[in-house]
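Coordinate inspection notes
Listed below are the residues making up each chain.
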Amino acid sequence: MWYLIKNNLKLMFRNKIIFALMVFGPFFVIGILSSAFEEMMESYEPAGDFHVGYQVEKGSFWESSIEAVKAAGEEAGIKLSEYPEGEPEELVKNNILACFVKLGTDKYTIYENADNETEGVVLEYFFSQCLNRISSQILYAKVQAGELKVPIEKIDYMPAISSKDYYGITEIIYFACMGIICMAGVLASEKKNGIGIKFKVTAVTDLQFYIAKWLPAVVVVAAGIGISSVLSAIVYGIHWGNLFISMLLVLLVIMAGVSYGLMLYAISGNMAVTVIVLFSSVFFMAFLGGCFETYMYSGFSEDLKNISPVYHVNRALVENSCMGHSGYTLSSILYLLVISAACTCAALLAGLAGKRGRKRG
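As a convention, each chain's residues are numbered from 1 in the sequence order in which they are written. A pLDDT threshold of at least 70 governs which residues receive local features in this predicted model, and a stricter bar of 80 or more applies before side-chain atom pairs are shown or counted, although totals over entire chains, interfaces and linings include all residues. In computing side-chain properties, one takes all heavy atoms of the structure into account and sets aside hydrogens as well as water.

This part is about the overall build of the chain. Regarding its fold elements, the chain presents 15 helices and 4 strands. Under the scheme applied here, a residue whose accessible area is under 20% of the maximum for its type counts as buried, over 50% as exposed, and between as partly exposed, the area being computed with a 1.4 Å probe on protein chains only. Counting all 361 residues of the chain, 45% fall into the buried class. Should any heavy atoms of two residues lie within 4.5 Å, those residues are considered in contact. In the chain, of all internal contacts separated by at least 6 residues, the share reaching a separation of at least 24 is 73%. For the chain, the exposed area adds up to about 18400 Å²; of that, 62% sits on carbon and sulfur atoms. For helices the rule is a DSSP run of H or I covering at least 4 residues; for strands it is a run of E covering at least 2, with both sets numbered from the N terminus onward. Here the open area of atoms and residues is found with the Shrake-Rupley method and a 1.4 Å probe, where only the protein chains shown may cover a residue.

With that settled, consider the sheet that holds strand S3 (residues 99–103). In spatial order, the strands read S2-S1-S3-S4; together these 4 strands make up an open sheet with mixed pairing. A strand with exactly one partner marks an edge of an open sheet, and here the two such strands are strand S2 (78–82) and strand S4 (108–112). For this sheet the average axis-to-axis angle between neighbouring strands, irrespective of direction, equals 25°. At least two DSSP bridges between two strands are needed for those strands to be called paired. Only the stretch in contact is used when a helix axis is fitted, and all axes are lines through C-alpha atoms; the angle between N-to-C directions ranges over 0 to 180 degrees.

A few words now on the side chain of His312. For His312, the location among the structural elements is in helix H14 (residues 309–322). A polar contact of 2.9 Å, which involves the side chain of His312, links it to the side chain of Ser331. Setting aside residues no more than four positions away along its own chain, His312 makes contact with Asn306, Tyr328, Ser331, Ser332 and Tyr335. A 3.5 Å cut-off defines polar contacts: any pair of N or O atoms within that distance qualifies, except that in protein one atom must be a possible hydrogen donor and the other a possible acceptor, and neighbouring residues in sequence count only when both atoms are side-chain atoms.

This paragraph deals with the confidence of the model for the chain. Here the chain averages 80 in pLDDT, while 82% of its residues score no lower than 70. Mean pLDDT across the elements of the chain ranges from a minimum in helix H9 (residues 195–199), with 56, to a maximum in helix H11 (residues 243–268), with 94. By definition, pLDDT measures how confident the predictor is in each residue, and it falls between 0 and 100. Counted against residues more than four places away or in other chains, residues 138–157, with its pLDDT under 50, gives 42 contacts.

Another point: the packing of aromatic side chains. Centre distance within 6.5 Å is the pairing criterion for rings of Phe, Tyr and Trp, where only the six-membered ring of Trp is used; planes under 30 degrees apart are then read as stacked, over 60 as edge-to-face, and the remainder as tilted. Under the counting rule described, the total for this entry stands at 14 aromatic pairs. Centre to centre, the rings of Tyr83 and Phe100 are 6.3 Å apart; their planes meet at 65°, and the pair counts as edge-to-face. On the criterion of sequence distance, the pair formed by Tyr83 in the loop between S2 and helix H5 (88–93) and Phe100 in strand S3 is long-range, its members being 17 residues apart. Owing to a relative accessible area of 25%, Tyr83 belongs among the partly exposed residues under this scheme. When the ring of Tyr166 is compared with that of Tyr295, the centres are 5.9 Å apart and the planes differ by 50°; the resulting orientation is tilted. Here Tyr166 is found in helix H7 (residues 163–176), whereas its partner Tyr295 is found in the loop between helix H12 (271–289) and helix H13 (302–305), with 129 residues between them in sequence. The residues Tyr166 and Tyr295 share a single accessibility class, namely buried.

Patch membership requires over 30% relative accessible area and the absence of a salt bridge. Like charges are linked within 9 Å, and nonpolar side chains (Val, Leu, Ile, Met, Phe, Trp, Tyr) within 5 Å. Whenever Lys or Arg places a side-chain nitrogen within 4 Å of a carboxyl oxygen from Asp or Glu, that contact is recorded as a salt bridge. On the surface, a nonpolar cluster with roughly 300 Å² of combined accessible area is contributed by Val230, Ile234 and Val235. The residue Ile234 is located in helix H10 (residues 206–236) in this model. Judged by its relative accessible area of 66%, Ile234 is exposed.

Another aspect to go through is H14. To estimate the expected span of a helix, subtract one from its residue number and multiply by 1.5 Å. Helix length check: H14 (14 residues) gives 20 Å between terminal C-alpha atoms against 20 Å at 1.5 Å per residue, within 8%. Among the 14 residues that make up H14, 12 are buried, leaving the element largely enclosed by the rest of the structure. The residue sitting at the N-terminus of H14 and contributing the capping side-chain oxygen is Ser308; that oxygen lies 3.2 Å from the backbone nitrogen of Val310. Where H14 terminates, the next one or two residues include Gly324, which has phi positive at roughly 90°.

Now the structure itself:
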């Protein structure tokens, strides 16, 4: 196995064009995108405290819990005042209130104007959290409606982040997902010379044969992405926040990306098909995850964005850069470990199925 690892490392490092792509690809894309979106990123402003009006429909569960909601709103920087009369559209349109919310029996409706979109997003998040807390207490705690509590802490707003920091992080992640391209020469040589078939008669197991490809790929991609990250940090002044967390997440992305690519190759047996499927799927996940359009301004719903592992990693790293912490760090780590393990198992099973097929033939 160690002979294979050493040989694969040599083959990958000899392919200077692909290694240079891993180094300079992110570097140039960071420069292009950060310049293109610099003005837009500078216009970002987090919401401060603001005033919101509300109306409660008679008979709704909001009636008995509104005081708890108002108290939670105060903690979150949202001052809620009841407006039993008046049209919400007019109150918001005339800038009397930043936003307005109508609390019905089976839904709530939020009104906002074009000047208060940020406040509208904050209010939507606040009431979704309120609804989740209240629903869980009613369903599971079985408390009386008047005893409901909504312990929502003050919302931790993300401060403004520069376009260089944002794209300096997200493009590194995007290219880190494409690590399988470093294996192109190795996989082509393996198929041409029948190396896999030859080693089947030796004591090398399927897992060892897999590791002999996976480990060198991780090392080579990590070296290329590492050089690119350092170069970008020096030239563009990118801030990564907590370096240990950032390095860990980037390494896990590389591991998951290589595992995913090897799984696709094990299933298809064709490098061209592998690259097409890899680029298509990673591009889709990166698009949802904010590698091109910033996730703060994305029109996709939060539920849809959460499907993408790239979104979890990007958000964890970006928030770590500008806030020093992120609630998405743990989910990113778990997501990436599951992907690595699942893809490894799938690749080994695909190899085993292919071996049985050849025996039957």
